[in-house]
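# Chain and residue survey
Residue strings, one per chain:
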Amino acid sequence: MRFTVRVDVTHLAGVLDPQGATVERSLPALGYDNVTNVSIAKTIRLALDAPSLDAARKQVDDMCERLLANPVIERYTVEIEPAA
């Protein structure tokens, strides 16, 4: 079976996000004075062939723990759907 996968990777609470802080400091210069708590994250999309949804989830979790996210400073969420 083929699955479409979306992985969203964000910083853990309490971990500094220098890119988000830079964007947040810059927005008022563009007239956006009402924006706070800016966080920069990454989204990874991929297609995956696996025998089942459970097998796909296990593989994606392993990929996230080993490469796609740094579990020391980042958390991730996964969405998996059968490909159309």
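The residue numbers shown here count from 1 along each chain, following its written sequence. Selection of residues for local features in this predicted model requires a pLDDT of at least 70, selection of side-chain atom pairs for listing and counting requires 80 or more, and totals for whole chains, interfaces and linings are taken over all residues. With hydrogens and water set aside, each side-chain value is computed from the structure's full complement of heavy atoms.

### Structural notes on the sheet that holds strand 1 (residues 2-11)
Two strands qualify as a pair provided that DSSP identifies no fewer than 2 bridges between them. Numbering goes from the N terminus for both helices and strands, where a helix is a DSSP run of H or I of at least four residues and a strand is a run of E of at least two. The strand order across the open sheet formed by three strands is 2-1-3, and the pairing between neighbours is antiparallel. The sheet is open, and its two edges are formed by strand 2 (42-49) and strand 3 (74-82), each paired on a single side. If you compare each strand with its neighbour and ignore which way they point, the axes differ by 20° on average. Examined bridge by bridge, strand 1 and strand 3 share nine bridges and lie antiparallel to one another. What sits directly across from Thr4, in strand 3, is Glu81. Contacts between residues were defined by any pair of non-hydrogen atoms, one from each residue, lying within 4.5 Å. Orientation is described by lines fitted to C-alpha atoms, with helices fitted over the stretch in contact, and by angles between N-to-C directions that extend from 0 to 180 degrees. Packed onto the sheet, helix 2 (residues 53-68) meets strand 1, strand 2 and strand 3 and runs at close to 150° relative to strand 3.

### A few points about the nonpolar core
Nonpolar side chains tend toward joint burial in soluble globular proteins. Here, nonpolar core means buried Ala, Val, Leu, Ile, Met, Phe, Trp, Tyr and Cys residues that are tied together by side-chain atoms lying within 4.5 Å of each other. Using a 1.4 Å probe on the protein chains alone, a residue whose accessible area is under 20% of its type maximum counts as buried, one over 50% counts as exposed, and one in between counts as partly exposed. With 14 residues, the main nonpolar core has Val5, Val7, Ala56, Val60, Cys64, Val78 and Ile80 as its most contacted residues. Those elements giving two or more residues to this core turn out to be strand 1, strand 2, helix 2 and strand 3. Contacts of Cys64, omitting those with residues within four sequence positions, involve Val7, Ala69, Tyr76 and Val78.

### A short note on the environment of Met63
Mapping Met63 onto the fold places it in helix 2. Sequence separation of Met63 and Ile44 is 19 residues, and the distance between their C-alpha atoms is 11 Å. Aside from chain neighbours lying at most four places away, what touches Met63 is Leu46 and Leu68.

In short, the description is geometric, and any link to function would need to be established separately.
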